[in-house]
Amino acid sequence: MEAQLQPQIKPKPNSFWYQFNIVLQRIVVYTFLILLSFLFLFWMYVLIINATRPSSQIQQSFSALPGTFLFTNFNTMINNTNIRLVEALWNSFFIASLSALLSTYFSALTAYGIHMYHFKLRKIAYVFILIVMIIPSQVATIGLLSILYQFRLTDNYFVLIVPAISSPATFFFMKQYMESVLPFEIVESARVDGSGEIRTFHQIVLPMIKPALAVQFIFSFVGSWNSFFFPAMIIKSPNKRTVPLIISELRQLSNPATFDLGLVYMVIVCAVIPLVVVYFIFSKHIIKGVTLGSIKG
Amino acid sequence: MKKLLVSMLLVVVGLVLIACTESYETDGGEVLVIRAWNTEFQDRFRAYYPEYKETKTDGTDLLKDGTVVKWIITPNENNAYQNALDQDLLNQSSAAQNDRIDIFLIEADYALKYVNSQYSLDIKADLGITDAQLSNQYKYTQEIVTSSDGKLKGTSWQATPGLFAYRADIAREVLGTDDPVEVQKAIANWDKFDETAEDMKAAGYNMLAGYDDAYRVFSNNMSKPWVNANNEIEVDQNITRWIEQTKEYTTKGYNKGASLWDSVWQSEQGPSGKTFGFFYSTWGINFTLLGNSLANPDQPAEVGNGLYGEWRVAKGPQSWYWGGTWIVGAKYSDNRTLVKDVMLKLTTDKAIMKKITVDTQDYTNHKAAMLELANDPEFGSAFLGGQNHIKLFVESANAISLDAISPYDQGITETLQAAMKDYFVGTVTLDKAWENFYTNLKVKHPELKEKTS
Amino acid sequence: MEDKKKKKFNNNMYSKWGYIFIAPFFVIYGIFSVIPLAMTIYYSFFEYYFSMGLFPVGPNFIGFANYTELLAGPFWQILGNTFIMWGMGFVPQIVISLLLAVWFTDSRLKLKGLGFFKSVIYMPNLVMASAFSMIFFMLFGQNGPIVKALFDAGIVAENFDIFDTVWGTRAVIGFMNFVMWTGNTTILLMAGIMGIDPTLMEAAEVDGASRSQIFFKITMPLLKPIFIFVLITSMLGGLQMYDVPAILTNQTGSPDNSNLTIMMRLQQYLQNSSNYGMSGAISVLLFIIGGAASLLVFRSLIKNDLVSLDKVGN
C-alpha cells in the first residue's frame, strides 16, 4: 500500500470554527510530540554532555553545557589497556556483519525454497519454521552451553555467527516479501532459457528482492551488535569481548575503571553514538523497512 | 618379517604412550599470562618488578629478557572473575602453550577453593622456593594458602591489617583532637564507637558512609567459619551484631546510605564528603582513598589538593583484616622459573618490599622491613599528615587469624549484604531478608543448606 | 492446457530443489537448537552442577525434583515480576503508539516534520539495551542528576535512592522498555491504519457517524490483527527480558528480588555453580509458558497464512 492518507472526508465548509479546531488540535499534537521527543532524547543529551566533563564535576553537579574534557576522557579511554573499546568495536562489527550476511542470505534461500517449489513436506516445513519463530530461543541455550563447555568449544566466534543461518523471523519477512514481488513466470522463463536453479536464484531472484535484503541485513546486524546474554556466556578472553560485555564490566562497582565517571560516559558514547549517527542518515529507509511487505492490508 | 612387524608395533605403542602421558613444557615459555581482577598487582608489578621493561600499547608488558607479560583482568563481582578463571583452569592442559595461565591471583574469600585444588602449584616442591627465603613473611599469609595436605600453594606481598581511616579535620571539630592515640580512645570498642557516632551526627556528620563498611570487622572476628562440616550455614553472633548496628545507624542517619565502591561511597572520601571515617586496609590507602581525596585529580597529589594530608588512621574497635591478594602459580604453567622469580622478588625481597611500603603505604609481608620502618623516626606518610602508620600495625599484623574462613565466603558475603540492604532501607522485614539470603544463596551454591537444628 | 503443462513443470522435476534450498536452515537449526533443546530437557531431570564452579556433582537422575524445587520457590513471584515489568512498559506503549499512529495518518491535521518525529521515536529501538541501562543507572542513581534535583527541590530525603524502592526501579525499567519499543509499535499501527479501505470510512461518514465513532467502531476492530501481533510478540519479548534489568540491578534483581526476571534467574543458576540441572528446568518452564502464549498467535496468524499459501502456490 502506498502512503495513502486517511480518506478525504468531505470537509465542512471553511467555517471559522472548523479551522480553529484544526489549529488547536495541531498545537496540542505538536506540543505533545515535542515533549515526547524530549523524553526520548534527554538521556542522549546528558550522555554526550557528561562525556565531555571530568569525573569530579559529573559527581557534583548537573550541567546543560558541554565541558572541556572531551579529548582528555577520550585519551584516558584509549590508553586504558583494560577496556580496549576499539578492539571490542571491531569484534562486534566482525560478528555482526557475518551474522547479518549469513542470516539474510540463508533466509532468502529458505524462503525461496518454500515459496517457489512444491514438495511434499512444504507445508509442514513452513509451519515448523513459524513455530520455531514463536518459541523463545533461550530455551535451547542451556543445552548448547553444556555441550560447548563439555567439549571445550567456548570462547570462539563460530558459535556466535553460524547459528544465524537459521533465523525464522528473517525468513518470515523474506517469504512475505517474495509473495508480493516474485511471480512464478519469471523463474519459469529463466528455466526455459536454460538457467539452472541456483543460478536463477543468485542472478535473478536476489536482485529483485534487494530492498528486503538491505532491510533485513540492517535488522540482523543491529540484533547481533546489541546481543548480550549469549556472548556473555561464551566469550571469556578479554581480547574477544564485544561491546555489550565491556559495558557490563563497567557496571561492576569495584572495577577501578568506573572510578572515573568521565571515562565511563565516554565509553558509552563510543558504543552508542556511531550506530545512532548511521541510523539517522538512513532513518527513512529503515523505518519504511519495518513494514516492508510484512503487514498485509 | 615378524621382527619388523613387532618392532613397528613397539614403535607405535611407544609413540602413543609418549603422546598420552602428560608431558608439557614447564619452563622457557615466551608469554607470561597473569589473571587478576583489578589493577593493583599490575601497578605493583610495573613499578617494582626489576625485570619489567615497558608497557606496550596493546596492554602487554615487555620484560628485559624479551618475555611478554599478558594481563587478563576480569572484575570480581557476580563471580565473573572466578567463572573466567575456572574455565581457563579446566582447559589448561589442552590450551596452546602461550595461552596457558602462569600466575593467577586469589583473595582470602575464596582462597581455599584453589589452594585445595590440583590447579595450584606447590611453591616449595614445584617452584623450588625455600623456607629460608620465606622466613620473614607473616605466618598467617602462609597458613591461608597451605592446603589440607600441608603444601604451600601461594605467596603474598601484603599483610592486610584492618584500620579505621578518619578525617583529621572532623576529629578536631567534634572530638577536639586529631591525634591517633586520642581518637583511638573514642573508638576503642563498639560501645564507644556507637557513642562517637551519636556525637558525629549531632555535629552534622555521619560516622560511616554505608551499610557494608563495618561488615568485615565483625565477620573477621567470627568464632567459627560460615559453613560447617555438614555444609550448613552457621550464623555467628557477630553477624547479628553487624545487622543490628547497621539498622540502627541507617535509621538514625549515622551513614549516608552508600554501598561499598558505589559512587556515593567514593565521593564521601573527597572534599565534599561528610563522613567521619572508613574501615579500610593498608592497600586501600593508596589504591582508593588517595585518589578519592583529591579535589583536583589533574593537579599533583600534595597538601592543599583536597583532603590530602587530612586523613589519619587508627586501629578501630577490633582487630581485623581485609582481603589481601595471593600470587598462585598455575599448574601447566610454562614459565616456572619466571613465576618463582616474580614471587621471590615481590614477596620476599626486603629492599623491594620496603620501597613499596614507603611509596604506597601498603603493609608488605616482610616482618623485618616493617619493623625497621616502624622504628624509624623519620618515616611518615605525607598523605597521612606525617603519621607512621606501620608502627600501629606491627603488633596487629602478627595477631591476624584466619581460622574462620571458608571457600564460600565471597558468595555468602555478596548475598548477605544484598539481602540485608533491603532490610536496612526498610523495604523488607528482617525475616524476609534472611529468607531472601537463603534462597539466593542456594541458587549460587546448591550444596549449602540452612541450619535446621 | 497451458496450466496443466505448468503444473507438471513445477511439481515433478523441480520439487527436489525445494529440499535443497531449505536444507541449510534445517541442518543448522538441528545442530544448534534441536539437539541442545533435547539436552536442556534431558538435564532438567538430573542433579548436575559444579560445586564452587570447579568440582562436578552428578549428573544424578532425580526425576522431577528440580521442577518441584523451582515451583515451590519464588518462581511464580519471578514470573509475576517479569510480567509487571513488561506491563509497565507495554501499557503506555500501546496507548501512545495508537495515539501517534492516528495523528500521523490524519491528513486533515497537515502535520509537518513527521519524518523527524518518526526517526526520533524509532531510534531507541536500535540502541544497545545494556548501554541504555547503564545510562539510566547513572542518571537515576543515588549520585545522579535526577535524584540531586529532587533533593534540591525538597521532594526526597537525603539518602534517597530510587533503586532502593521496588516500584521506583520497576518504573525506570518500564520507562526504558516504553522508550525502546513505542517507535516500532507506532510504525506498525500506522501501516495498519493506512491499509484500511477508505470506502468504509466514507460510507460511515455519509451515514452520519462522528469521528470518534468511526475510530472506535471501524478503525479499532480492523486493527485487531495488528494488535494481536504486537501483543503477542511483545509478550514473548517480555518473557525473555534480560539486558535491561540485569544491567540496571547488576544481575541481582534488587531490591527484594522484585526485579528479577526468569532469564536473570537462569543466568544466576549458571553463574557460580554452572547448574545445568536447575537452569535446564527453568528453561523448560519458560518453553512451556512461551509455547502456551504462542498457541494464541498460532491460531490467528497461521490460519490466514496457510490459506494464502494455498492460493499463491497454485
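Everything quoted here is computed from the prediction, not taken from an experiment.

Peer 1: In this structure, what is going on with the overall build of chain C? I would like to understand it.
Peer 2: Scanning chain C for helices and strands turns up 13 helices and two strands. By the compact-globule yardstick of 20 Å for 314 residues, chain C is too spread out, its C-alpha radius of gyration being 25 Å. C-alpha extents for chain C along the principal axes are approximately 75 × 65 × 30 Å. Looking at the 314 residues of chain C, the share that counts as buried comes to 58%.

Peer 1: Mind showing me how you'd approach the domain arrangement of chain C here?
Peer 2: It is common to report an interface's size as the accessible area lost on association of the parts. All names here are of chain C. Under the domain assignment, chain C is made up of domain 1 (2–61) and domain 2 (73–313). If you average the C-alpha positions of domain 1 and of domain 2, the two centres end up 30 Å apart. Its largest share of buried area at the contact with domain 2, domain 1 owes to Ser44, Tyr48 and Phe50, together 41% of the area lost on that side. Our enumeration of links across domain 1 and domain 2 arrives at zero salt bridges. In this structure, the connection of domain 1 to domain 2 is made through four residue pairs in polar contact (both at pLDDT 80 or more). Elements represented by at least two residues in the side of domain 1 that touches domain 2 include exactly helix H1 (2–43) and strand E1 (46–51). Split by residue class, the side of domain 1 that touches domain 2 holds eight nonpolar, three polar and no charged.

Peer 1: Help me out: how do you make sense of the interface of chain C and chain B in this one?
Peer 2: Between chain C and chain B, the residue contacts involve 27 residues of the former and 36 residues of the latter. Here chain C packs against chain B, burying approximately 2700 Å² in sum over the two surfaces, 46% of which is carbon and sulfur. For the interface between chain C and chain B, the tally reads three salt bridges. Salt-bridge contacts for Glu158(C) lead to Lys256(B); the nearest nitrogen and oxygen are separated by 2.9 Å. Between chain C and chain B we count 21 residue pairs in polar contact (both at pLDDT 80 or more) in total. Breaking the side of chain C that touches chain B down by element, the ones donating at least two residues are E1 and helix H12 (262–271) of chain C. The element best represented in the side of chain C that touches chain B is H12(C), accounting for four residues. Partitioning the side of chain C that touches chain B into residue classes produces eight nonpolar, 13 polar and six charged.

Peer 1: I tried to follow the packing of aromatic side chains on my own but got confused; where do I start?
Peer 2: Between two aromatic rings, the relevant description is the distance of the centres plus the angle of the planes. Tallied over the full model, the rule gives 92 aromatic pairs over all chains. Taken together, a centroid distance of 5.1 Å and an interplanar angle of 75° make the contact between Trp190(B) and Phe193(B) edge-to-face. Separated by three residues within a single helix, Trp190(B) and Phe193(B) lie in helix H8 (residues 190–202), roughly one turn from each other. Centre to centre, the rings of Phe278(B) and Tyr280(B) are 6.4 Å apart; their planes meet at 40°, and the pair counts as tilted. Across this residue pair, the class does not change: Phe278(B) and Tyr280(B) are buried. Residue placement shows Arg251(A) over the ring face of Phe137(C); its charged tip is 3.6 Å from the ring centre.

Peer 1: Is there a simple way to explain the interface of chain A and chain C in this structure?
Peer 2: Chain A puts 118 residues into the contact, and the matching count from chain C is 105 residues. Together chain A and chain C conceal approximately 10800 Å² of surface at their shared face, both sides included; 77% is due to carbon and sulfur atoms. Summed over the shared surface of chain A and chain C, the result is zero salt bridges. The interface formed by chain A and chain C includes nine residue pairs in polar contact (both at pLDDT 80 or more). Per element, the largest residue contribution to the side of chain A that touches chain C is 19 residues, and it comes from helix H1 (residues 16–50) of chain A. Looking at the side of chain A that touches chain C, its residues break down into 80 nonpolar, 25 polar and 13 charged.

Peer 1: How do you make sense of the pattern of salt bridges when you look at a structure like this?
Peer 2: Residues and elements named next belong to chain B. Going through the model one piece at a time under the given rule, you end up with 29 salt bridges over all chains. Among the ionic pairs, Asp178 bridges to Arg312, the shortest N-O distance being 3.8 Å. Taken together, the positions of Asp178 in the loop between helix H6 (168–175) and helix H7 (180–186) and Arg312 in strand E10 (residues 311–314) put the pair 134 residues apart, joining distant regions of the chain. Salt bridges sharing partners connect three or more residues here, namely Arg172, Asp178, Glu310 and Arg312.

Peer 1: Can you walk me through helix H17 (residues 409–425) of chain B in this structure?
Peer 2: Every α-helix carries 3.6 residues per turn, so stepping three or four residues along brings you back to the same face. With 17 residues, H17(B) ought to run about 24 Å at 1.5 Å a step, and its terminal C-alpha atoms sit 24 Å apart, in line with that. Downstream of H17(B) by a residue or two, Gly426(B) has a phi angle that is positive, lying close to 100°.

Peer 1: Please clarify how the sheet that holds strand E6 (residues 154–155) of chain B should be interpreted in this entry.
Peer 2: Either a parallel or an antiparallel arrangement is found when strands of a sheet pair, and the pairing is made through backbone hydrogen bonds. Residue and element names in this part refer to chain B. The strand order E2-E3-E4-E1-E5-E11-E6 describes an open sheet built from seven strands, whose pairing is mixed. What marks the edges here is a single partner per strand, and that holds for strand E2 (52–55) and E6. Sheet analysis places strand E1 (residues 31–36) next to strand E5 (residues 103–107), joined by two bridges and oriented parallel. Within the sheet, the bridge partner assigned to Ile34 lies in E5 and is Ile103. The strands that helix H2 (residues 40–48) touches are E1, E2, strand E3 (61–63), strand E4 (68–73), E5 and strand E11 (325–329); relative to E4, the one it contacts most, it runs at about 160°.

Peer 1: I keep staring at the sheet that holds strand E9 (residues 277–281) of chain B and nothing clicks. Help me out?
Peer 2: All names here are of chain B. Strand order in the open sheet formed by three strands is E9-E7-E10, with antiparallel pairing between adjacent strands. One side of each edge strand has no neighbouring strand; the edge strands of this open sheet are E9 and E10. Averaged over all neighbouring strand pairs, the angle between strand axes comes to 35°, with direction disregarded. Relative to E9, strand E7 (residues 162–167) runs antiparallel, the two being bridged by five bridges. Note on E9: the bridge partner recorded for Ala165 is Phe278. Lying on the sheet, helix H12 (residues 282–293) is in contact with E7, E9 and E10; it crosses E9 at an angle near 140°. The strands touched by helix H16 (residues 389–399) within the sheet are E7 and E10, with E10 carrying the most contacts at an inclination of about 20°.

Quick notes on the rules
- Residues numbered from 1 in each chain as written.
- Chains lettered and ligands numbered in written order.
- Predicted model: local features only at pLDDT ≥ 70, side-chain atom pairs only at ≥ 80, totals over all residues.
- Heavy atoms only, no water.
- Helix = DSSP H or I, 4+ residues; strand = E, 2+ residues; numbered from the N terminus.
- Rg over C-alpha atoms; globule rule 2.2 N^0.38 Å.
- Buried < 20%, exposed > 50% of the residue type's maximum accessible area, 1.4 Å probe, protein only.
- Domains from an automatic or database assignment.
- Buried area = accessible area lost by both parts, 1.4 Å probe.
- Salt bridge = Lys/Arg side-chain N within 4 Å of Asp/Glu carboxyl O.
- Polar contact = N/O pair within 3.5 Å; in protein donor to acceptor, adjacent residues only side chain to side chain.
- Nonpolar A, V, L, I, M, F, W, Y, C, P; charged D, E, K, R; others polar.
- Contact = heavy atoms within 4.5 Å.
- Phe/Tyr/Trp six-rings, centres within 6.5 Å; stacked < 30°, edge-to-face > 60°.
- Lys NZ or Arg CZ within 6 Å of the ring centre and 35° of its normal.
- Expected span 1.5 Å × (residues − 1).
- Pairing = 2+ DSSP bridges.
- Axes fitted to C-alpha atoms, helices over the stretch in contact; angles between N-to-C directions.

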